[in-house]
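Spelled out, the chains give:
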Amino acid sequence: MNNNENERFRENGDELTPGGSRVYRHDDVERDFKPPEQYCVYIDEVCGHFDAMFPNRETIVLHEIISDLVHIDVHVMKPAQDGDFYVLYTTGMSDLPMNIHPDVENPELWRHAEVFMLLPPTWKLPSDMELTSNMPSDDYWAIGMLKFLARMPHEFNTWLGDGHTVPNGPHYTPILPNSKMGGVVLVGIGEENGVVKGKDGNEINIYMVALVSEAETNFKLERGMDALMSLFDQHKIDMVQDVWRGSCV
């Protein structure tokens, strides 16, 4: 999740992890700023889907002011009751199709996606209701991460899907100082809740974002996604994300 504007994503087709995952890396390529050609293509379907998954919640939108390639907004669903969690999800990532690897079966099913994250009630909603990097880093990291992930496939001409891991830079830089979390993994949430049907027939895949340490990422790359999820279950890791939790490995 390094926000270097000059980085681009490329595939090293010969490089696989011990667990069989394909490895992707970044190249430096110059590109001019390009405003979105279309936006809000599936916003009604995506928002309706989250309203159905998490009913009876007040939702506000943190609007992106200046957009490159795609217009990414972060929608914040407030806790439904005391002690409940926040739901943050993106719209705009699905406005453009992703570049699916040719080896993937039925690539048309995976070209569109949005991401979301669950945060604890202690997370602080920005008071000005605008998406701004002037927020304290302890609160902005989640918004910045969702924005980066949503733009990443279009910025780097690649794709994101279930089980994909994304380090915070090449050295798994801690997301916050003194945090052990140095990246994320995307988690599919099942066909019933994890797929939104667009009016044009396209399917929009919904992926949960889970924080991972460098050691947990390496564990997943060596043993696979099922092993990582089993490890989380063993350690009772909640899907409400805690940036300060310890590493399971």
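Draft legend 1. Main features of the packing of aromatic side chains. Counting across every chain of the model gives 7 aromatic pairs. Geometrically, the ring pair formed by F54 and F116 is tilted, given 6.5 Å between the ring centres and 55 degrees between the ring planes. Taken together, the positions of F54 in the loop between α1 (43–53) and β3 (59–62) and F116 in strand β6 (residues 112–119) put the pair 62 residues apart, joining distant regions of the chain. Summarising the burial analysis for this pair, F54 and F116 share the class buried. With 6.4 Å between their ring centres and 65 degrees between their planes, F148 and F156 make a pair best called edge-to-face. Across the pair, F156 and F148 agree in class, each one buried. The ring of F85 carries the charged tip of R57 above its face, separated from the ring centre by 4.7 Å.

Draft legend 2. Summary view of the pairing of strand β10 (residues 203–212). Taken across its 10 residues, β10 has 9 buried, putting it largely inside the fold. Judged from the 6 bridges that link them, strand β8 (residues 183–188) and β10 form a sheet pairing that is antiparallel. Along β10, the bridge assignment pairs V187 with M208. Relative to β10, strand β9 (residues 195–197) runs antiparallel, the two being bridged by 3 bridges. When the bridges of β10 are listed, V195 appears paired with N205. Hairpin connection from β9 to β10: 5 residues lie between these consecutive antiparallel strands, with G201 at a positive phi of about 95 degrees.

Draft legend 3. Quick look at a nonpolar patch on the surface. Residues F33, I65 and I66 make up a contiguous nonpolar surface patch of roughly 380 Å² in combined accessible area. Checked against the element boundaries, I65 lands in the loop between β3 and β4 (73–77). With a relative accessible area of 65%, I65 lands in the exposed category.

Draft legend 4. Empty space enclosed by the protein, seen in detail. Counted under the stated rule, the structure contains 1 cavity of 30 Å³ or more. Here the residues of the lining of the largest cavity are counted per class, giving 3 nonpolar, 3 polar and 2 charged.

Draft legend 5. Inspection of the nonpolar core at higher detail. Ranked by size, the top nonpolar core spans 39 residues in total, and within it L88, W141, M145, L149 and V209 carry the most contacts. Every element with two or more residues in this core is listed here: β3, β4, β5 (86–91), β6, α2 (137–155), β8 and β10. Broken down by element, the residue count for this core peaks at 10 residues, all from α2. Residue contacts for V209: discarding those within four places in its chain leaves V115, F116, M117, M145, L146, L149, V184, V185, L186 and Q241.

Draft legend 6. Local environment of the pattern of salt bridges. Going through the model one piece at a time under the given rule, you end up with 8 salt bridges. Close ionic contact of D84 with R57 constitutes a salt bridge, the shortest N to O distance being 2.8 Å. With D84 in the loop between β4 and β5 and R57 in the loop between α1 and β3, this residue pair connects regions lying 27 residues apart in the sequence. Taking the relative accessible area as the measure of exposure, D84 reaches 12% and is therefore buried. Between E64 and K147 there is a salt bridge; the shortest N-O distance is 2.3 Å. In this pair, E64 is assigned in the loop between β3 and β4 and K147 in helix α2, connecting sequence segments 83 residues apart. For E64, a relative accessible area of 6% gives the class buried. Of the residues examined, K147 reaches a relative accessible area of 12% and is grouped as buried.

Draft legend 7. Here's a closer look at helix α5 (residues 225–234). Those residues of α5 that fall on the buried side of the exposure criterion are M225, L228, L231 and F232. Viewed along the axis of α5, the buried residues span an arc of 120 degrees, placing them on a single side of the element. The exposed set on the far side of α5, more than 90 degrees from its buried face, consists of D226, D233 and Q234. Each element contacted by the buried residues of α5 is listed here: β8, β10 and α4 (214–223).

Draft legend 8. A look at the side chain of E216. Relative to the elements of secondary structure, E216 occurs in helix α4. For E216, a relative accessible area of 0% puts it in the buried group. Only 2.8 Å separates the side chain of E216 from the side chain of R245, close enough to count as a polar contact. Once residues lying within four places of it in the same chain are set aside, the contact partners of E216 are M181, L211, L228, F232, R245, G246, S247, C248 and V249.

What counts and what doesn't
- Residues numbered from 1 in each chain as written.
- Predicted model: local features only at pLDDT ≥ 70, side-chain atom pairs only at ≥ 80, totals over all residues.
- Heavy atoms only, no water.
- Phe/Tyr/Trp six-rings, centres within 6.5 Å; stacked < 30°, edge-to-face > 60°.
- Helix = DSSP H or I, 4+ residues; strand = E, 2+ residues; numbered from the N terminus.
- Buried < 20%, exposed > 50% of the residue type's maximum accessible area, 1.4 Å probe, protein only.
- Lys NZ or Arg CZ within 6 Å of the ring centre and 35° of its normal.
- Pairing = 2+ DSSP bridges.
- Patch = residues over 30% accessible without salt bridge, like charges linked within 9 Å, V, L, I, M, F, W, Y side chains within 5 Å.
- Areas by Shrake-Rupley, 256 points an atom, 1.4 Å probe, with all protein chains shown as cover.
- Salt bridge = Lys/Arg side-chain N within 4 Å of Asp/Glu carboxyl O.
- 1 Å grid on protein atoms, 1.4 Å probe; cavity = no way out; pocket = protein on both sides within 12 Å on 5 of 7 lines; lining within 4 Å.
- Points joined across faces, edges and corners; volume = space filled by probe spheres on them.
- Nonpolar A, V, L, I, M, F, W, Y, C, P; charged D, E, K, R; others polar.
- Core = buried A, V, L, I, M, F, W, Y, C linked by side-chain atoms within 4.5 Å.
- Contact = heavy atoms within 4.5 Å.
- Arc of directions from axis to C-beta.
- Polar contact = N/O pair within 3.5 Å; in protein donor to acceptor, adjacent residues only side chain to side chain.

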